[in-house]
Amino acid sequence: GAVVSQHPSWVICKSGTSVKIECRSLDFQATTMFWYRQFPKQSLMLMATSNEGSKATYEQGVEKDKFLINHASLTLSTLTVTSAHPEDSSFYICSAKGGFGPGTRLTVL
Amino acid sequence: GDSVTQMEGPVTLSEEAFLTINCTYTATGYPSLFWYVQYPGEGLQLLLKATKADDKGSNKGFEATYRKETTSFHLEKGSVQVSDSAVYFCALSLNTGFQKLVFGTGTRLLVSP
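Per-chain numbering applies: the sequence of each chain, read as written, is numbered from 1 onward. Each chain is given a letter, starting from A, and each ligand a number, starting from 1, according to the order in which they appear as written. Under the rules for a predicted model, residues below a pLDDT of 70 receive no local features and side-chain atom pairs below 80 are neither given nor counted, while totals for whole chains, interfaces and linings still include all residues. Neither water nor hydrogens contribute to the side-chain values; these are computed over all heavy atoms in the structure.

1. Observations concerning the sheet that holds strand β8 (residues 62–65) of chain B
Strand-to-strand pairing in sheets goes through backbone hydrogen bonds, with the strands running parallel or antiparallel.
Residue and element names in this part refer to chain B.
Turning to step 1, where the next piece is worked out: Read across the open sheet, the four strands follow the order β3-β9-β8-β7; overall the sheet is antiparallel. Of all the strands in the sheet, the pair left with one neighbour each is β3 (19–21) and β7 (56–59). Mean inter-strand twist for the sheet, computed between neighbouring axes without regard to direction, equals 15 degrees.
Turning to step 2, where the next piece is worked out: Bridging between β8 and strand β9 (residues 75–77) involves three bridges; their strand directions are antiparallel. One bridge is not enough; two strands pair if DSSP finds at least two bridges between them. Here a helix means four or more residues in a row that DSSP labels H or I, a strand means two or more in a row labelled E, and each is numbered from the N terminus. Each axis is a line fitted through C-alpha atoms, taken for helices only over the stretch in contact, and angles between the N-to-C directions span 0 to 180 degrees.

Structure, rendered in structure tokens:
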């Protein structure tokens, strides 16, 4: 799979603020990237498919206005958690061509 | 819908013991099957995969055979090491090229010396 990086690796924010997470495919030009969410001791759940140059495709139950995805280039996708609340606290992981980023731990106070 | 079911953990073994982690799947088409491993503090890594029935994926001493008749993809290793302690995820994809993976809940393996 592709080599994928994420930034930041962890972030703590106050309730009501927005947080942006970056995902980069380092060795592969990815027209499609994926965002997953992992709850403690649970599996990864696909949130959305990020499409370069077009709108993201969201899985059922995922609020597109809450989780904004922008895939502006073949190597970068961003996930913005808008107006974050404590229930958004989770581990967010991106993927490209079978490779996974190291994840971003979001804690909303 | 498509789903993957894994045995619940943790699985606790002594070093050099035989390992089996069961995985079964439900899919509407003909999926590709994967095992991913997540070591403590690290991201997911692809361990092995199989893309069609009767294929055997293997890597680092781990093996899994795609069994269409039993819709299974059980992970095995003949002799585990302490360094194999991790969480193992079974996953499927109905598309080529690692698109839209559906994961099982993961099984934690703990290997003691």
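This is not the end of the story, as more comes after the structure.
2. Notes on the interface of chain A and chain B
Turning to step 1, where the next piece is worked out: The partner chain B presents 13 residues to the 16 residues of chain A that form the contact.
Turning to step 2, where the next piece is worked out: Salt bridges, as used here, are contacts in which a Lys or Arg side-chain nitrogen is within 4 Å of a carboxyl oxygen on Asp or Glu. Counting the contacts that link chain A with chain B gives one salt bridge.
Turning to step 3, where the next piece is worked out: A salt bridge links Lys100(B) to Glu59(A); the shortest N-O distance between them is 3.2 Å.
Turning to step 4, where the next piece is worked out: Identification of polar contacts relies on pairs of N or O atoms within 3.5 Å, with a donor-acceptor requirement for protein atoms, meaning one able to donate a hydrogen and the other able to accept it, and with residues adjacent in sequence counted only if both atoms are side-chain atoms. If you look at where chain A meets chain B, you find four residue pairs in polar contact (both at pLDDT 80 or more).
Turning to step 5, where the next piece is worked out: If you list the elements that add at least two residues to the side of chain A that touches chain B, you get β4 (32–38) and β5 (44–51) of chain A.
Turning to step 6, where the next piece is worked out: Here the side of chain A that touches chain B gets four residues from one element, more than from any other, and that element is β4(A). For this analysis, residues touch if any pair of their heavy atoms sits within 4.5 Å.

3. Overview of the state of the cysteines
Residues and elements named next belong to chain A.
Turning to step 1, where the next piece is worked out: The disulfide definition used here is simple: a pair of cysteine sulfur atoms within 2.5 Å. In the structure shown here, the tally under the stated rule is two disulfides over all chains.
Turning to step 2, where the next piece is worked out: Disulfide pairing places Cys-23 opposite Cys-94 at an S-S distance of 2.0 Å. Here the disulfide of Cys-23 and Cys-94 is right-handed, its torsion about the S-S bond being about 85 degrees. Of this pair, Cys-23 sits in strand β3 (residues 19–25) while Cys-94 sits in strand β9 (residues 90–96), placing them 71 residues apart in sequence.

4. Concerning the layout of surface pockets
Turning to step 1, where the next piece is worked out: Here a cavity means grid points, on a 1 Å grid over the protein atoms only, where a 1.4 Å probe fits yet cannot get out; a pocket means an open set of points with protein on both sides within 12 Å along at least five of seven lines; lining residues are those with an atom within 4 Å of a point. Grid points are joined across faces, edges and corners, and a volume is the space filled by probe spheres set on the points. Taken as a whole, the largest pocket spans an internal volume of roughly 590 Å³.
Turning to step 2, where the next piece is worked out: Lining the largest pocket we find 25 residues, and of these Gln38(A), Lys41(A), Gln38(B), Val87(B) and Arg108(B) sit closest to its centre.
Turning to step 3, where the next piece is worked out: Of all the secondary structure elements, the ones that give two or more residues to the lining of the largest pocket are β10 (86–93) and β12 (107–112) of chain B.
Turning to step 4, where the next piece is worked out: Top element by residues in the lining of the largest pocket is β10(B). It accounts for three residues.

5. Describing the environment of Ile69(A)
All names here are of chain A.
Turning to step 1, where the next piece is worked out: Checked against the element boundaries, Ile-69 lands in strand β7 (residues 67–73).
Turning to step 2, where the next piece is worked out: Burial status follows relative accessibility: with a 1.4 Å probe on protein chains alone, a residue under 20% of its type maximum counts as buried, one over 50% as exposed, and anything between as partly exposed. Overall, Ile-69 belongs to the buried group, its relative accessible area being 16%.
Turning to step 3, where the next piece is worked out: C-alpha separation for the pair Ile-69 and Trp-35, spaced 34 residues apart in sequence, amounts to 9.0 Å.
Turning to step 4, where the next piece is worked out: When neighbours within four sequence positions are excluded, Ile-69 is seen to be in contact with Trp-35, Ala-48, Ser-50, Ala-56, Tyr-58, Ser-77, Thr-78 and Leu-79.

6. Looking at the packing of aromatic side chains
Turning to step 1, where the next piece is worked out: Here is the rule: rings of Phe, Tyr and Trp (six-membered ring for Trp) pair when centre to centre is within 6.5 Å. Planes less than 30 degrees apart are stacked, more than 60 are edge-to-face, and the remainder are tilted. Tallied over the entire structure, the rule returns ten aromatic pairs over all chains.
Turning to step 2, where the next piece is worked out: Plain terms: the ring middles of Phe100(A) and Tyr36(B) are 5.1 Å apart, the flat faces sit at 80 degrees to each other, and that makes the pair edge-to-face. On the criterion of chain membership, the pair formed by Phe100(A) in strand β10 (residues 99–100) and Tyr36(B) in strand β5 (residues 32–38) is interchain, its members lying in two chains.
Turning to step 3, where the next piece is worked out: Looking at Phe100(A), the relative accessible area reads 8%, which means it is buried.
Turning to step 4, where the next piece is worked out: Measuring from centroid to centroid gives 6.2 Å for Phe89(B) and Phe103(B), while their planes differ by 90 degrees, and the two rings are edge-to-face.

7. Describing the sheet that holds strand β1 (residues 4–7) of chain A
All names here are of chain A.
Turning to step 1, where the next piece is worked out: On the basis of which strands lie adjacent, the open sheet formed by four strands has the order β1-β3-β8-β7 and antiparallel pairing. The two strands at the open ends of the sheet, each matched to only one other strand, are β1 and β7. Neighbouring strand axes in the sheet, compared pairwise and without regard to direction, differ in orientation by 20 degrees on average.
Turning to step 2, where the next piece is worked out: Here β1 runs beside β3; their pairing, made up of four bridges, is antiparallel.

8. Let's talk about the nonpolar core
Turning to step 1, where the next piece is worked out: Put simply, a nonpolar core is a bunch of buried Ala, Val, Leu, Ile, Met, Phe, Trp, Tyr and Cys residues held in one set by side-chain atoms that sit within 4.5 Å of each other. In terms of nonpolar packing, the biggest core is built from 26 residues, with Leu19(B), Trp35(B), Leu47(B), Leu48(B), Phe73(B), Leu75(B) and Tyr88(B) touching the most fellow members.
Turning to step 2, where the next piece is worked out: When residues of this core are traced back to their parent elements, those giving at least two are β2 (11–14), β3, β4 (23–26), β5, β6 (44–50), β8, β10 and β12 of chain B.
Turning to step 3, where the next piece is worked out: At four residues, the largest contribution of residues to this core is made by β10(B).
Turning to step 4, where the next piece is worked out: Setting aside its immediate chain neighbours within four residues, Tyr88(B) contacts Gln6(B), Ile21(B), Trp35(B), Tyr36(B), Val37(B), Leu47(B), Phe62(B), Leu75(B), Gly106(B), Thr107(B) and Leu109(B).
Turning to step 5, where the next piece is worked out: Ala48(A), Cys94(A), Ala96(A) and Leu106(A) belong to the second largest nonpolar core, which has 23 residues in total.

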